[in-house]
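Fold and geometry: a report
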Amino acid sequence: MTLNTPLLGISVLIYMIVVFYLGWIGYKQTKNTDDYMLAGRKVNPFVLALSYGAAFISTSAIIGFGGYAGAFGMGVLWLVAMNIILGIFIAFIVFGSRTRRMGANLKAVTFPELIGKRYRSRFIQGFSGALITIFMPLYAGGVLIGGARFMEVALGIEYNTAVMLLAVIVAAYVITGGLIAVMYTDALQGALMFLGMGILFVLTYAKLGGVVKAHQALTDMAPLVPANLAAIGHTGWTSMPAFGTPVWWTLVSTIILGVGIGVLAQPQLAVRFMTVKDTRTLKRAVLSGGPFIFMMAGVAYIVGALSNVYFMDTRGVIALDAAGGNIDKIMPEYIYSAMPDYFVIFFLLTLLAAAMSTLSSQFHTMGTAIGHDFYREFLMKGKLGNTITITRMGIATTIIISVALAYKLPPGIIARATAIFFGLCAAAFLPMYTGGIFWKRMNRQGATASLLVGTFASLFWLTFVNGKVASSLGISKAIFGVDTLLTGTWTFVDPILVATPLAFIVAIIVSLMTRPDPEEHVELCFKK
Amino acid sequence: MLGINDPQIWIAYLLCFVSAIGCIIYGLIHWNDVEEIGDAN
């Protein structure tokens, strides 16, 4: 399946030149810490929306979750609705405006710093920074694998070289150009992705004879669901899985709720609210943010599910069989076989853009977490040093860890690594972040307790209860001699459903049982 | 509806379109909003 045409080479070259040009603009415009960390707090609404969406949607969403729709059907469209309503509308209007205002009031430049300053706690800032530093490389490693696999297949570059090449290219513009470079390149990559997915959407429906005809054909395929999948709850590609079955729990708890809610507490996304100068910019950004997510996730899942109809018409098999049983290969297989050559080339660029835009924001967030939050605020007790240099070294360090993980992680890990990180962020950060910006009574003790409970409850559930993760880690087996401590339905339930509510309850109870934070500090935080 | 029998799916399908269009309308309506100042929280 190697597409080694000169046209592809030239397209990638032009794309890279433009990316480096934008990186250079970022470098030229970066004059102080606010510029490097927050793009000078004056980003325009389209750049914000495209950059937020492009950082959010990676190869994992398009290939991983698109393939999931190919295997399990359109139920995953609920995640798209969640992403638009919660991940864009509520995030920008309700969370974004308060985050922006409090960030400006407290002069915070990173997500952990916003929380740390709200609760006047270096521990919270340092612990959050450390948590990001330790676990985000897992997510970044997953995205790196996706991008490198694309370069391996499309450009014929050896996989290990591709990982290194991709990391070095992204690192170069993130380290030199800071968040200005990250957001400008994200916006370019977002625009490419929008166009690529738009064309894919139209071509797919056109190929299958129109919207209703395509859906009807997919609905009629329900009896073709393989017996082993039907046994665990798969009922067809245009119907929800049977309630309470393993397929239903994975879809609803891990995918729809885990990723749908987890997005609210993503440090690399929340920090973007602090890059704009006023609430109006956030409201304007909703205009392009909503359609962007629809175009990415919505199109990937609809097309993924409909690929079954195409493979049935042309080869007489369902998508999962056409992809040799590997969910991650459904989307590439469909695009290679169903789409015209020129589009395949363009789509490969789209995927490269999706991987690079997510990677750049992850690298930037990890670097600032290490350099600013952990080193400067926690270890050096806020002593002024050359923060940007330390951050740049932090970025380089976490990139090396991510690259090492990309070499080491087992195949098929991309979507799971993403979901683990999203769930952990929701449990650890969401209660203290939500409480911090909406509830004046929430205090340092409540926030600290919820951070610790959310983090460790999540990690405990992953290590000892969640079937997939616990059995592959093997820690539970080594200590207790069983793969998981609980059995049955519990092993399908995502940690987010247990750890996040627990952390919320702890946050409320501990806050109410301890003294409120000083009134003048709370007033400063909430000042309009 | 739209060739899909399960309402749990066609509702989600339509909701994706409706929410994306809703975002566009919201953005247009509030395009020229003036920032409110001094409104104590």
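Before going into details, it helps to say that this report is about the structure given with it. (Residues numbered from 1 in each chain as written. Chains lettered and ligands numbered in written order. Predicted model: local features only at pLDDT ≥ 70, side-chain atom pairs only at ≥ 80, totals over all residues.)

1. Some details on the overall build of chain B
Selection rule: Segments assigned H or I by DSSP are reported as helices when at least four residues long, segments assigned E as strands when at least two residues long, and all are numbered from the N terminus. In this scheme every C-beta is placed from the backbone, and a residue whose C-beta has 20 or more other C-beta atoms within 10 Å is buried, one with 12 or fewer is exposed, and one in between is partly exposed.
Broken down by element type, chain B carries one helix and zero strands. The 41 residues of chain B split such that 22% are buried.

2. A look at the interface of chain B and chain A
Cut-off, in case you're wondering: Two residues qualify as a contact pair if the distance between their C-beta atoms, derived from the backbone, is within 7 Å. As a working rule, the residues Ala, Val, Leu, Ile, Met, Phe, Trp, Tyr, Cys and Pro are called nonpolar, Asp, Glu, Lys and Arg charged, and the rest polar, with Gly in that last group.
If you look at the interface, chain B gives 27 residues, while chain A gives 33 residues. Here the side of chain B that touches chain A is composed, by residue class, of 14 nonpolar, nine polar and four charged.

3. With respect to the nonpolar core
Stated precisely, the cut-off is as follows: To count as a nonpolar core, a set of buried Ala, Val, Leu, Ile, Met, Phe, Trp, Tyr and Cys residues must be joined through C-beta atoms within 7 Å.
Core analysis: the largest hydrophobic core is formed by 204 residues, its most contacted members being Val76, Leu77, Leu144, Met296 and Tyr301 of chain A. For Met296 of chain A, the contacting residues outside a window of four places in its chain are Gly53, Ile57, Ala61, Ile62, Met193 and Met197 of chain A.

4. A look at helix H4 (residues 59-72) of chain A
All names here are of chain A. The cut-off we apply is this: In a helix, the anticipated span is given by 1.5 Å times the number of residues less one.
Helix length check: H4 (14 residues) gives 19 Å between terminal C-alpha atoms against 20 Å at 1.5 Å per residue, within 8%. A large share of H4 lies buried, amounting to 14 of its 14 residues. Backbone geometry just after H4 places Gly73 at a positive phi near 100°.

5. Focus on helix H8 (residues 159-207) of chain A
All names here are of chain A. To be explicit about the condition: Note that the bend at a residue is defined as the angle between axes fitted to the seven residues ending at it and the seven residues starting at it.
Taking 1.5 Å of rise per residue, the 49 residues of H8 would be expected to cover 72 Å, yet its terminal C-alpha atoms sit only 33 Å apart, more than 12% below that figure. A bend of about 130° at Gly178 is the largest found in H8. With its phi angle positive at about 85°, Gly209 sits one or two positions after the end of H8.

6. Let's talk about the packing of helix H18 (residues 414-438) of chain A against helix H22 (residues 495-513) of chain A
All names here are of chain A. Threshold: Lines fitted to the C-alpha atoms define the axes, with helices restricted to the stretch that makes contact. Angles between their N-to-C directions range from 0 to 180 degrees. For classification purposes, angles smaller than 35 degrees are called roughly parallel, those larger than 145 roughly antiparallel, those between 65 and 115 roughly perpendicular, and all remaining angles oblique. Working rule for handedness: look at the near helix, and if it is turned counterclockwise from the far one by less than a right angle, call the crossing left-handed; if clockwise, right-handed.
Viewed as axis vectors pointing N to C, H18 and H22 meet at an angle of 25°, and their least axial separation amounts to 9 Å. As the angle between them shows, H18 and H22 are arranged roughly parallel. H22 is crossed by H18, and the crossing has right-handed handedness. Only Pro495, Ile496, Ala499, Thr500, Ala503, Phe504 and Ala507 of H22 make contact with H18, whose side of the interface consists of Gly423, Ala426, Ala427, Leu430, Pro431, Met432 and Gly435. Residues of the contact of H18 with H22, tallied by class, amount to 11 nonpolar, three polar and no charged.

7. Re the environment of Tyr139 of chain A
Residues and elements named next belong to chain A. Of note, Tyr139 is situated in helix H7 (residues 122-155). Given 29 C-beta atoms within 10 Å, Tyr139 falls into the buried group. As for Tyr139 and Gln362, which are separated by 223 residues in sequence, their C-alpha atoms are 8.4 Å apart. Residue contacts for Tyr139: discarding those within four places in its chain leaves Gln362, Ala417, Thr418 and Phe421.

8. Overview of the packing of helix H13 (residues 279-315) of chain A against helix H15 (residues 330-338) of chain A
In a pair of packed helices, the angle between the axes and the distance between the axes together describe the arrangement. Residue and element names in this part refer to chain A. At a minimum axis separation of 10 Å, H13 and H15 run at an interaxial angle of 55°. Judged on the interaxial angle alone, H15 and H13 are oblique. Pair H13 / H15 crosses with left-handed handedness. Along its contact with H13, which presents Gly304, Ser307 and Tyr310, the element H15 presents Ile330, Met331, Tyr334 and Ala338. Of the residues belonging to the contact of H13 with H15, the class tally is five nonpolar, two polar and no charged.

9. Describing unusual backbone geometry
Of note, Arg120 of chain A is a non-glycine position whose phi angle comes to about 45°, a positive value. With respect to the helices and strands, Arg120 of chain A occurs in the loop between helix H6 (111-118) and H7. One non-glycine residue with positive phi stands out, namely Leu2 of chain B, at about 55°. Along the chain, the position of Leu2 of chain B falls in the segment before helix H1 (7-29).

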